[in-house]
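# Summary of the model geometry
Letter by letter, the chains look like this.
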Amino acid sequence: MNKMIKAPRLTVRVAISPLSWANEVIEEFGKDATADICLTGALAAGYEGVEMSRLFPRNPDELSKLLSDYKLSLASGWHSGFLAERSVDEELSAVHEFATLLQKTGAQVMVYGECAAMAENALDVPLSRRRRLTSEQMAAYGARLTEFARKLAKGYGLAMAYHHHLMMVVETQDEVRQLMAATGNEVGLLLDTGHALTGGFSYVDLINEFGPRIKHIHLKDVRTPILEAVRSKDLSFNEAVRAGMFTIPGDGVIDFQPLFEFINDSGYAGWVVVEAEQDPSLERPEITVARARDWLSTILPTRA
């Protein structure tokens, strides 16, 4: 259990990921969940927003009305990108509908996750079988990402937050460094506390090296005994999630004090998103997310 942390002077907006109710790829996690169940729980727990989910309508007007009914904002949403393999024009065509949805519902940041250059069914194969980019491939990839991010901002008013992620082409600290060196400032970084630890490094290193480029934050914690078992048995990402490797902040081993010092000192003005990829049948999600928000209330002041 993390010790109590001194609250920063500044306030940030706190959102909850609907992954607590319905996983995007593990179908049995949340098969009976609905948008109303998710949003009711988010509002009751005191969150200001949510990220996009398969539970929500894809029509901008319908989504805006739904969120307005619950007095919640859309913090962001995940785009599965393929710029490691396809052109910027192809990616812009693929993202148009989703970027328009984010734009029209008031989001300012789009989360970019690289889904190309992955092994087939990558989230269900052993972690050791992750595909990697050569330095030459990374340089070309970075150039395409930069152009894509520039056009995303110009065309939709959206900043890109690149998600370092297990089983994707940017997982390790060195790969994050390579990516940041290969891209312009148009490519922002999503800091994910859980994916940093499980990727073998501390999220503090991202703050120290790339603080000004951090545009979005995912708060998740990690149960290290499960992480150690996952690595020793070379399990898949989805097996790790099913085993409970990730949990809500405050329930694992991560020290969040440096993160909130960063928020306080840097003036970070984006969203902080609680994200817990775990089995909703083990504890009712509304209880899980409320416990996380209660813990955060000892750290982050509520916005007026």
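The rules behind these values
Residues numbered from 1 in each chain as written. Predicted model: local features only at pLDDT ≥ 70, side-chain atom pairs only at ≥ 80, totals over all residues. Heavy atoms only, no water. Helix = DSSP H or I, 4+ residues; strand = E, 2+ residues; numbered from the N terminus. Rg over C-alpha atoms; globule rule 2.2 N^0.38 Å. Buried < 20%, exposed > 50% of the residue type's maximum accessible area, 1.4 Å probe, protein only. Contact = heavy atoms within 4.5 Å. Areas by Shrake-Rupley, 256 points an atom, 1.4 Å probe, with all protein chains shown as cover. 1 Å grid on protein atoms, 1.4 Å probe; cavity = no way out; pocket = protein on both sides within 12 Å on 5 of 7 lines; lining within 4 Å. Points joined across faces, edges and corners; volume = space filled by probe spheres on them. Nonpolar A, V, L, I, M, F, W, Y, C, P; charged D, E, K, R; others polar. Phe/Tyr/Trp six-rings, centres within 6.5 Å; stacked < 30°, edge-to-face > 60°. pLDDT = per-residue confidence, 0-100. Expected span 1.5 Å × (residues − 1). Arc of directions from axis to C-beta. Core = buried A, V, L, I, M, F, W, Y, C linked by side-chain atoms within 4.5 Å. Pairing = 2+ DSSP bridges. Axes fitted to C-alpha atoms, helices over the stretch in contact; angles between N-to-C directions.

With that settled, consider the overall build of the chain. When you go through the chain residue by residue, the secondary structure sums to eleven helices and eleven strands. In terms of overall dimensions, the chain is globule-like: its C-alpha atoms have a radius of gyration of 18 Å, near the 19 Å expected for 304 residues. Dimensions of the chain, computed from C-alpha atoms along their principal axes, come out at roughly 50 × 45 × 40 Å. The burial tally for the chain puts 56% of its 304 residues in the buried class. Of all intrachain contacts in the chain linking residues separated by at least 6 positions in sequence, the fraction that spans at least 24 positions is 82%. Accessible area of the chain: about 12900 Å², with a carbon and sulfur share of 49%.

Let us look at the layout of surface pockets. A volume near 600 Å³ is recorded for the largest pocket. Surrounding the largest pocket, 31 residues form its lining, L19, E24, V25, W78 and S80 being those nearest its centre. Where the lining of the largest pocket is concerned, the elements lending two or more residues are β4 (78-81) and α9 (237-243). Of the residues that constitute the lining of the largest pocket, the class distribution is 14 nonpolar, ten polar and seven charged. Of the volumes computed, that of the second largest pocket is approximately 230 Å³. R13, Q108, V109, A269 and G270 are the residues nearest the centre of the second largest pocket, which is lined by 17 residues in total. Elements with a minimum of two residues in the lining of the second largest pocket: β3 (73-76) and β8 (214-219). Class assignment of the residues belonging to the lining of the second largest pocket gives a composition of nine nonpolar, six polar and two charged.

So, about the packing of aromatic side chains. What the rule picks out here adds up to six aromatic pairs. Ring geometry for Y141 versus Y162: centroids 6.4 Å apart, planes at 75 degrees, classification edge-to-face. Within this pair, whereas Y141 is found in helix α4 (residues 135-156), its partner Y162 is found in strand β6 (residues 159-163), the two being separated by 21 residues in sequence. There is no split in this pair, since Y141 and Y162 are both buried. Between F256 and W295 the ring centres are 5.5 Å apart and the planes differ by 70 degrees, which places this aromatic pair in the edge-to-face class. With F256 in the loop between β10 (246-247) and α10 (257-266) and W295 in helix α11 (residues 285-297), this pair connects stretches of sequence that are 39 residues apart. Like F256, the residue W295 is buried in the burial classification. Taken together, the aromatic side chains of Y112, Y141, F148 and Y162 make up a single cluster linked through ring pairs.

Take the confidence of the model for the chain next. When pLDDT is low, close inspection of the predicted coordinates is not appropriate. Averaged over all residues, the pLDDT of the chain is 93; the fraction at 70 or higher stands at 93%. Across residues 1-5, where pLDDT falls below 50, the model places 18 contacts with residues more than four positions away in sequence or in other chains.

Phi is positive for M167, close to 70 degrees, though the residue is something other than glycine. Looking at the secondary structure, you find M167 in the loop between β6 and α5 (173-182). Assessed through its relative accessible area of 2%, M167 is described here as buried.

Here we take up α11. For α11, which comprises 13 residues, the first-to-last C-alpha distance of 18 Å matches the rise-based estimate of 18 Å (1.5 Å per residue) to within 8%. Turning to α11, its buried residues are P285, T288, V289, A292, R293, W295 and L296. The buried residues of α11 occupy one face: seen down the axis, they fall within an arc of 160 degrees. Elements in contact with the buried residues of α11: β1 (13-16), α1 (35-45), β8, α10 and β11 (271-274).

Attention shifts here to the nonpolar core. Counting 95 residues, the largest nonpolar core has Y141, F148, I217 and L259 as its most contacted members. Contacts of I217, omitting those with residues within four sequence positions, involve L191, L259, F262, I263, Y268, W271, V272 and V273.

Taken in spatial order, the nine strands of this open sheet run β3-β2-β1-β11-β8-β7-β6-β5-β4, and their pairing is parallel. What marks the edges here is a single partner per strand, and that holds for β3 and β4. Direction aside, neighbouring strands of the sheet carry axes that sit 35 degrees apart on average. Pairing analysis gives four bridges linking strand β5 (residues 109-114) to β6, with the strands arranged parallel. Each residue of the ladder has a partner; that of V111, found in β6, is A161.

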